[in-house]
Amino acid sequence: METHEYISIQLFCSHYDVPTSFVSALHEFELIEITRIKGIYYIHKTQIIEIEKMIRLHYDLDINLEGVDAIYNLLKQVKSLQEEIVLLNNKLNRFKDI
């Protein structure tokens, strides 16, 4: 497996000045996926934006990890519902034309 789509947890934590235990805790709460390649732990680059949000919730707003978990899951539900509303509105608009 190639690592060009991944960033090592060590590098990520160093860049964002967060402990690796924070990233491990996010993984334990099943908020992120961690991949092990040749003994080194990585996160996929597509997760970086989401992890940045969780860092802000935890460190800037002083929300504990249980709260971050709850907020993050609620935000995912809101996004899913918004997508469903758009889909249903599109279907409704098709029937208005008939």
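In case you missed it, the structure is sitting above this.
About the cut-offs
- Residues numbered from 1 in each chain as written.
- Predicted model: local features only at pLDDT ≥ 70, side-chain atom pairs only at ≥ 80, totals over all residues.
- Heavy atoms only, no water.
- Helix = DSSP H or I, 4+ residues; strand = E, 2+ residues; numbered from the N terminus.
- Buried < 20%, exposed > 50% of the residue type's maximum accessible area, 1.4 Å probe, protein only.
- Expected span 1.5 Å × (residues − 1).
- Contact = heavy atoms within 4.5 Å.
- Pairing = 2+ DSSP bridges.
- Axes fitted to C-alpha atoms, helices over the stretch in contact; angles between N-to-C directions.
- Phe/Tyr/Trp six-rings, centres within 6.5 Å; stacked < 30°, edge-to-face > 60°.

Participant: So what's going on with unusual backbone geometry? Which residues, and what values?
Facilitator: The phi angle at Asp 17 is positive, at roughly 55°, despite the residue not being glycine. By the secondary structure assignment, Asp 17 is in the loop between α1 (9–16) and α2 (20–28). One non-glycine residue with positive phi stands out, namely Glu 30, at about 60°. Checked against the element boundaries, Glu 30 lands in the loop between α2 and β2 (35–37). For Glu 30, a relative accessible area of 71% puts it in the exposed group.

Participant: Tell me about helix α4 (residues 65–96), and please be specific about residues and values.
Facilitator: Between its first and last C-alpha, α4 extends 46 Å over 32 residues, near the 46 Å set by a 1.5 Å rise per residue. Inspection of α4 places Leu 65, Gly 67, Val 68, Asp 69 and Tyr 72 among the buried residues, and these make up the whole buried set. Buried residues along α4 sit against α2 and α3 (48–60).

Participant: Could you give an account of the sheet that holds strand β3 (residues 40–44), with specific residues and numbers?
Facilitator: As summarised here, the arrangement of the 3 strands in space is β1-β3-β2, forming an open sheet in which the pairing is antiparallel. The two strands at the open ends of the sheet, each matched to only one other strand, are β1 (6–8) and β2. Taking the axes of each pair of neighbouring strands and ignoring which way they run, one obtains an average angle of 45° across the sheet. Examined bridge by bridge, β2 and β3 share 3 bridges and lie antiparallel to one another. Along β3, the bridge assignment pairs Thr 35 with Tyr 42.

Participant: Hey, could you go over the packing of aromatic side chains for me, with residue numbers and the actual values?
Facilitator: Under the defined criterion, the tally for this structure stands at 3 aromatic pairs. Aromatic pair Tyr 6 and Tyr 42: ring centres 6.4 Å apart, planes at 65°, arrangement edge-to-face. Taken together, the positions of Tyr 6 in strand β1 and Tyr 42 in strand β3 put the pair 36 residues apart, joining distant regions of the chain. Summarising the burial analysis for this pair, Tyr 6 and Tyr 42 share the class buried. Their ring planes at 35° and their centres at 4.5 Å tell us that Phe 12 and Tyr 16 sit as a pair that is tilted. A residue pair is termed a helical-turn pair when its members lie 3 or 4 positions apart in one helix, as Phe 12 and Tyr 16 do in helix α1 at 4 residues. For Tyr 16, a relative accessible area of 27% gives the class partly exposed.

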